[in-house]
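An overview of the molecular structure
Below, each chain spelled out in residue letters.
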Amino acid sequence: MISKTAARFLIAAGVFNVVIWPRFAKAIVEDDRAWSGERWNSAPEAFFWVHAVLITTAIVIGLGVLLVGVRAHRSSPSR
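Let me sum up the structure you'll find in this document. (Residues numbered from 1 in each chain as written. Predicted model: local features only at pLDDT ≥ 70, side-chain atom pairs only at ≥ 80, totals over all residues. Heavy atoms only, no water.)

1. What to know about the pattern of salt bridges
Keep this limit in mind: Any carboxyl oxygen of Asp or Glu that lies within 4 Å of a side-chain nitrogen of Lys or Arg is treated as forming a salt bridge with it. Note on classification: 1.4 Å probe, protein chains only; a residue is buried when its accessible area is under 20% of the maximum for its type, exposed when over 50%, partly exposed between these limits.
Applying the stated criterion across every chain, the model contains 2 salt bridges. With a closest N to O distance of 2.8 Å, Glu30 and Lys26 form a salt bridge. For Glu30, a relative accessible area of 39% translates into the label partly exposed. A salt bridge links Arg33 to Asp31, with the nearest nitrogen and oxygen atoms 2.7 Å apart. We classify Asp31 as buried; its relative accessible area is 18%.

Rendered as structure tokens:
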């Protein structure tokens, strides 16, 4: 059983990841190193793909942590 405090921490960590990583994705898309030429009109470089995988993985893990935290919070008995 996870305590309410630990569940709240998981919820906060999940929300943090879901909020922060999309902002980082925007910065990567706007970075000149992500594209071989003009943004969105040229082929993405390895820089883009490495960060796309990193960001996607972090968001999926963040959603999982958030889900565990919410379920733990709901199942914890009230004091």
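2. A word on helix H2 (residues 46-75)
Condition: A run of H or I in DSSP becomes a helix once it reaches four residues, and a run of E becomes a strand once it reaches two; helices and strands are each numbered from the N terminus. Expected span of a helix: the number of residues minus one, times 1.5 Å. Pairs of residues are marked as contacts when any of their non-hydrogen atoms sit within 4.5 Å.
The terminal C-alpha atoms of H2, which comprises 30 residues, lie 43 Å apart, in line with the 44 Å expected from a rise of 1.5 Å per residue. Listed in full, the buried residues belonging to H2 are Phe48, His51, Ile55, Ala58, Gly62, Gly69 and Ala72. The secondary structure elements touched by the buried residues of H2 are helix H1 (4-29).

Take it as geometry only, folks, not as evidence of what the structure does.
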